[in-house]
Each structure stands twice: as structure tokens, then as C-alpha cells.
Amino acid sequence: MLRSSFLMLCFLTILFISSTYEKNVTSRKRPNTSRHKPASIKLCGPTLVRMLDMVCDRARQLLMKTQRSSSDSTYQKRQMIVDDDPFTRTLSVTDYAQFNNTLIGDCCLQACSLEQYESHRIPRVLSIQSHVVHGFVGNKCAAFILQLYGFEVDIINSVHFSNHTGYKTVKGSRLTADELEAIFQGLLINELLEYDYILTGYMGSGELLHVVAKYIRLIKSKSAHIKYICDPVIGDDNKLYVDRSCIEVYKNEILPLADIVTPNDFEIEVLIGKELAYRNDENQEEVIWQSLRSLHKMGPSHIIISSISADKIGGNQTMLQMRASTQLLDNQYQTFQIDFPHLEGSFTGTGDSFSALILAWFHKENNLIRACERSISILHQILRKTIEISKPINTHNRCGRELCLIESKAIIECGDILFHAVLNDKHLSN
Amino acid sequence: MLRSSFLMLCFLTILFISSTYEKNVTSRKRPHTSRHKPASIKLCGPTLVRMLDMVCDRARQLLMKTQRSSSDSTYQKRQMIVDDDPFTRTLSVTDYAQFNNTLVGDCCLQACSLEQYESHRIPRVLSIQSHVVHGFVGNKCAAFILQLYGFEVDIINSVHFSNHTGYKTVKGSRLTADELEAIFQGLLINELLEYDYILTGYMGSGELLHVVAKYVRLIKSKSAHIKYICDPVIGDNNKLYVDRSCIEVYKNEILPLADIVTPNDFEIEVLIGKELDYKNDENQEEVIWQSLRSLHKMGPSHIIISSISADKTGGNQTMLQMRASTQFLDNQYQTFQIDFPHLEGSFTGTGDSFSALILAWFHKENNLIRACERSISILHQILRKTIEISKPINTHNRCGHELCLIESKAIIECGEILFHAVLNDKHLSS
């Protein structure tokens, strides 16, 4: 009677495993053969873990009724089982007390709760930007900053250059669309395409951007919580940095997927297809907010223009202004601005550092306003640190200073807020 | 009289500039034309700075005699001058008091002492290793660890793979010898090839290694203090990881340049061309030390075998042992060993993390013994952390745990020593 109860439980467990994973016939068969000798059942996923929870409870009760010892010393507490079957996963025992080496027939159940790992898992970012051997732009900025904040960063390098393009000489190679496709395929096949955040910056061609859009769409389809932070690098001061082919891909494929975008004012103009006419003083504010609303319509819920020279909008020449907007509902936006002082000198990598900071602080604060206050404050301190260090500028570098990011480690970790946001009226109707 | 004194000083300065930089005739000419209108002299190097120190002192004395004001407000205190002439460098004024906008004829001297910047300059590393999008091997380990310790790391990626080669699928591309040559040329032309340390690891082909050797030779020729840490990745457990072509290049070109090498016992055998015969118990110790001495003869002053399974040398199976050796003179060596516990499980990226830790701590401690104690202790704690976190191992990964480096940030920064070295007799004759 008892033996048949045990066998029933085994069958139940095996049935659970089979129904959850229908694809592989072999795995259905294997637990059957394991009835004849002590073996460990390999567990699959949180749902099955919870079912086994219940199974084991019942098994434990039955065991106690039959007065069999539930502590079998032949099985080690933290046994790892590695298996080649792609449809099962191996879990290490972390919450051992639940299962306590429960013997069910000839099966020894070992399981754990995935919850504990999942809740403490560090957040994962996929960052697709340029790589320079020397200096700090693109992924050199993003990787350093995000890793400092405790993010696990998967890094796809869209180029591999000796240094940034502001130097007299640049040597290296670009990732082709085929190579990018291959990388994504490798990650996909190995089931590594699981991220909490995606971050993109400079992308050399529309072709590359198109592959990026395809896989972001795929990654985002797996989970609703994934946020895509996009720096739509197109150009500045009426000059294009990228191939024209990028623009259409940004407008039609990328922006609909983006959650946060960080364009400059030139890039907004290009993306919404309309010039921001600052010349007419009367409606400058309205022009900016209209452009933000037009950009919201193209996809992103959050938009940050990290710095508009304040004199463009009638303010102090020594001040800069950040403008940002969060779309709450169809007609409702929270807009705000942050004023901060202009610093003398030119610097490279500020935009890339800024978007990495925004990602990190948006994750921590879950609030665009706080994220912007933190990021612009930290960036300002990094610039001041860089000026203070006064490293001689390389004579072949025509773009000013490389950021002293390594020396700014404490500044980045500290996250001091220097500048505060001024909120605008919440409900701006269309 | 005074005017001709001023003109003499100008001539003197110009002569100094010319003699220091003979190559460019144009630069010799340019200061002459600057005599006719206020201009800033651009300064070159610490030696010239010191000379200008003396020139300005004299100029200041002359100025005071003629009662001309030495504080001219038209020149800003921290003026940066950017110049395309590769033979002059621009320095920002940090120790302004020395020069105080001294006018010498029509020249306004602005200079600073480079010493202050140089002594506080963070150390620079060139790291040439593999890059994986996901996970931690090669440059992913080295960059994170070294940047955490405050090093400026120039990163050349020898491959760009989706993940390490222990996964079922690996997609990506390798750097060709031509591409590596181009990268080095870019850095050379931009005068960026100035490092304190060089670090290399896995190199796919002898061809690539040959280009590396060529430029390591060039970089090291510029300065005696540069240290090259080489992990001669060839294989393990009698299996080759790399193309055979690498072995000769390691022996003939790389080892003579290396200061610290971190081979495993298989790699030592391959490099010295002799098997380590552990079977004969009587002279096991002697066999190991002989092999270290043979390897010293090939170039490196410091050798670390990071872990020999202690049971190979007749010890406890649960312990591992590090063996290391520093060569002082032709016949004098300091050898030592560190015993540390073996941890259950397999891990990837340990060797790459170890060589980065060795570099960092050798820099801080300037002592191989302390560097090894720190590094092996930190690595052990990283492994324990990785085990503790119990992240489910990806089912496509056949090589065990990816290191939880991000989660080990505090461990890395802390640098706690757990295991101490046992020193052997200092004078081991050949």
C-alpha cells in the first residue's frame, strides 16, 4: 500500500515533468529508468520547483508515517548536477531545508527555490556602442560606469578603433551587419539574450541599426519590464556624424522601441523633421515642448535633451539647461528642466557617460527627474575633476579632453546631487 | 640696452626650443614671427620647462627693474593653447606662481611644472586579450579589475566573441595580424604608446603574437621601467588551446621581453621543452625549481605557477599550491610557495583575473611575494562568492561557473590576505 503510494508520487512527479516539457521524448523516458536505482531528478524552473515543494511535503509526511529516516547521509547537501539536456536546468541547493534529501521511492529529490537567487540577481544590461583602445567614449564609458554601479554588462563593440575620431589618425575596423547578426545568434542559441536594460549609442550605418532593431524587438518581446535607453547619435550643430541611412531606421524602427531617448536639439529636429525656430522669442518654450511631444509620439516615454545652451533660449551664456519630459498618458506629460553652469573647455565622451548614468540612476530611483538630477550633477563633477587634473591634451587630439573617468570613481559612486530640477505644470494638453 | 636684453632672452628661449627639437624646421621659424606680436610660446617637456623657469626668473627680475607690471590681465590664468605642431606640447598652467604671465619682449611665457602632474598620474596599462560579449574571461576580467584599482587601461581585443569557447556555440570574429598592426600604428602615430605595464593573455595565432612582440619591444625600448606581465596561454592537462605556431613565438620573442610570466605546469613543460617528471618522488621539489630556473633563463625575472594540484607533489588532495620564483642575479633566486584550499567546481576566467590581480598588486607592493599573497587570496574569495551566489549555470556552458566579478567588487577592492607565502632558501645555485 505504502509502496504503491510512493510509486504514485513518482509517477505524479514524472507526469509533471513531462507535461511541462513536451518537446523532448528522451527526458520523459529517463526518469522511468531511474526508478530502478538511486538517482537525482533534475528540476526545471520555478513552477516545477513549487510543485515539487508540494510533492515533497507529502512525501515527507509519508516518510514520517513509515518511520523512515529523512536524513540520508549518502547525498551531499550541495550537490550540483550537470546535464546536457537543454530542456532541463540544474539548480543548486540553497534552501535545503525544504527538501532535506527526501527519498521518494528510488528518487532523491533535490531542489531549491529560484526566488532567492532571482530577487538578488544583479541587473543585466546589453550595451552596443563603439570601443576605443585608448580613451573614453562609447562602451569604455558605459562599461566602467555601469560595472561600478553593480550592473552585469554584456558588451557588443560596434567598432574597434585605436582612439576616437577626433584624433588626427584613427585606425581600426567596424563591425559589419553580418558580424553583428552572428553575435546575436550566438547569444540567442546559448539563451543569453535576457536583459533588464538595453543601451545603444553611436551606430555607424543604417544597416547595423536595422539588425539592432530586430534583436531589441526580440529581446523586449520576452519581458515587459525591459527598458531600452537610446542615444540617437546623428550629429550636432547642423553636422551629421553618421550615414544618412541611420535616420530613417531611427525614426521607423528604433524610436518605437525606445523607452528613454537622449537626443541633442539638432537630433530632435532631424527626428521630428522640423526645425526648432528659436529666433522667435515669444514662443521658445512652446517650441521646445511641442518638439518633445512630437518625439513622444514616435515612441519613447522619456526624453532628455541633456544640454541646450541657455543663450539659445534667452538665458545666461554661462549656463546650460537640460530639458526633459515623461509621458504619463496620451495627453499628460511631466516636463522639467535643470540649470547648470557651463564649463570652459571641450570634452569627449560626455554624452556616452551621461546615458550610462541615466540608465543606472533610472534603475535605482525609478524616476526620470531624480535620475536626471543625479546624472547631470555627477557628469558636472567628472568634468571639474578632469579640468582639475589638467592632464596635457594629446597634441593629435583636436576635440579637447578625454574624461578622467578612472580618477572620478569616487565621484561616480557617491552620486552627489548639485543641481535640482524645476518642474513644469503637469498637464500639458496636446 | 634693456630691449636688447629682452631680445637676447627671446633668442635664448628660441635656441633652447630649436636644439631640443631639431627635426622640424617650421617650428624653428615660427617663434621668430611671434616676436612681432603678442603670442604665447608653446612649451615642450620638463627639461624645457625647467630652463624656462630660469629664463623667467631672469625676465621677472628685468621686468621689475624696468618697473613694468608683471600681472597682465589680458592673459587668463589657465589658458590652453592647442597647436597642430607635433613637436610642441601644450601645458596648462597649474603652478602659475612661477611664471605669473611674464612678458619677455613680445612673448608671454606661460608654463607649468610637469612634475606635479606626472607624479599623480594614474598608471597606464596596455592589455591585449580576448573580448566576450557575455561573461568574464580575458579583457572583461582584466579591464574590470584594473579599472577598479585605478589603472587607466588601454584595451586591445584580440577576438570579439559572443561568449567564451566553453559554450556549445561561439560566434564572432578574430583580430587579424593586419588589423592588430593597424591599431598599433594608430596608437603610435598619435603618440599614445606610453605605458607603465603591458598585459597579454590568450593569443589565437603565432602571427598575432609576432605583431604583439614587435610592439612590446618598441614600447619597452622607450622606458626602462615598463613591466610586461605575460600569461603564456598554450594549454592545460596535455591539451593545446592554441595553434602550435604560438609556441615558438613565445619561446623566441615573447619570453625575452616578459618580466612576469604566469604559466601552468603544462605550459612550463612546453616552453622549456622538458617534461616535469613528478613520478620520481625523491626529487620532486628539485624538478620544479629546475624548471623554474630553466624558464628564468629564457627571459622573465618573475615566474608564478598559480596552482599545482598538491597531490601531484605528494601533498593533500584538497589543497592546491602556488609556486613562484624571482631571479635576482644570475645564480640567485627567491622562491616561495603558497598553500590554499581547493574549491569544488569549475570556473572560467580565473587565470585572466589572476594575472590582472598580480599586475595591480605588484604595482602597489613592488614585491612578488606580497603580490601573490594578495592575488591568490582575492581570487579564492571571488570563487567562494561565486559559489555562494549559486547562479544557475547556463545549460549551454560546459565549463562551469562564470565568475561573479561584479558582485565581488568589495572583495577585490578590500584585498584581504588569507594565505601566506612560505619562503624557501634564498640562494639556489644553478
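In what follows, the structure referred to is the one given above.
Just so it is clear, the model here is predicted, and its values are computed rather than measured.

Draft legend 1. Region of the structure containing the pairing of strand β8 (residues 227–230) of chain B. All names here are of chain B. In this structure, strand β7 (residues 197–200) lies alongside β8, joined through four bridges in parallel fashion. Bridge pairing in β8 links Ile 198 to Tyr 228. Both β8 and strand β11 (residues 260–261) contribute to a ladder of two bridges, which runs parallel. Its bridge partner being in β11, Cys 230 is matched across the sheet by Val 261.

Draft legend 2. Spatial organisation of the packing of helix α7 (residues 206–222) of chain A against helix α8 (residues 245–254) of chain A. All names here are of chain A. At a minimum axis distance of 8 Å, the contact between α7 and α8 shows a crossing angle of 15°. Accordingly, the angle class assigned to the pair α7 and α8 is roughly parallel. The interaxial crossing formed by α7 with α8 has right-handed handedness. Note on element contacts: α8 touches α7 through Ser 245, Cys 246, Val 249, Tyr 250, Glu 253 and Ile 254, opposite Gly 206, Leu 209, His 210, Val 212, Ala 213 and Arg 217. In terms of residue class, the contact of α7 with α8 is made up of seven nonpolar, three polar and two charged.

Draft legend 3. Main features of the pairing of strand β13 (residues 319–327) of chain A. All names here are of chain A. For β13, the tally of buried residues reaches seven of nine residues, placing the bulk of the element in the interior. Both β13 and strand β14 (residues 333–341) contribute to a ladder of nine bridges, which runs antiparallel. Each bridged residue has a counterpart across the sheet, and for Met 322 the counterpart in β14 is Ile 338. What sits between β13 and β14 in their antiparallel hairpin is a turn of five residues.

Draft legend 4. Summary view of unusual backbone geometry. One non-glycine residue, Glu 191 of chain A, adopts positive backbone phi at about 55°. Checked against the element boundaries, Glu 191 of chain A lands in the loop between α6 (177–189) and β7 (197–200). Classification of Glu 191 of chain A as partly exposed rests on a relative accessible area of 32%. With a phi close to 55°, Asn 366 of chain B is a non-glycine residue in the positive phi region. Owing to a relative accessible area of 60%, Asn 366 of chain B belongs among the exposed residues under this scheme.

Thresholds, definitions, all that
- Residues numbered from 1 in each chain as written.
- Chains lettered and ligands numbered in written order.
- Predicted model: local features only at pLDDT ≥ 70, side-chain atom pairs only at ≥ 80, totals over all residues.
- Heavy atoms only, no water.
- Pairing = 2+ DSSP bridges.
- Helix = DSSP H or I, 4+ residues; strand = E, 2+ residues; numbered from the N terminus.
- Axes fitted to C-alpha atoms, helices over the stretch in contact; angles between N-to-C directions.
- Parallel < 35°, antiparallel > 145°, perpendicular 65-115°, else oblique.
- Left-handed = near helix turned anticlockwise from the far one by under 90°.
- Contact = heavy atoms within 4.5 Å.
- Nonpolar A, V, L, I, M, F, W, Y, C, P; charged D, E, K, R; others polar.
- Buried < 20%, exposed > 50% of the residue type's maximum accessible area, 1.4 Å probe, protein only.

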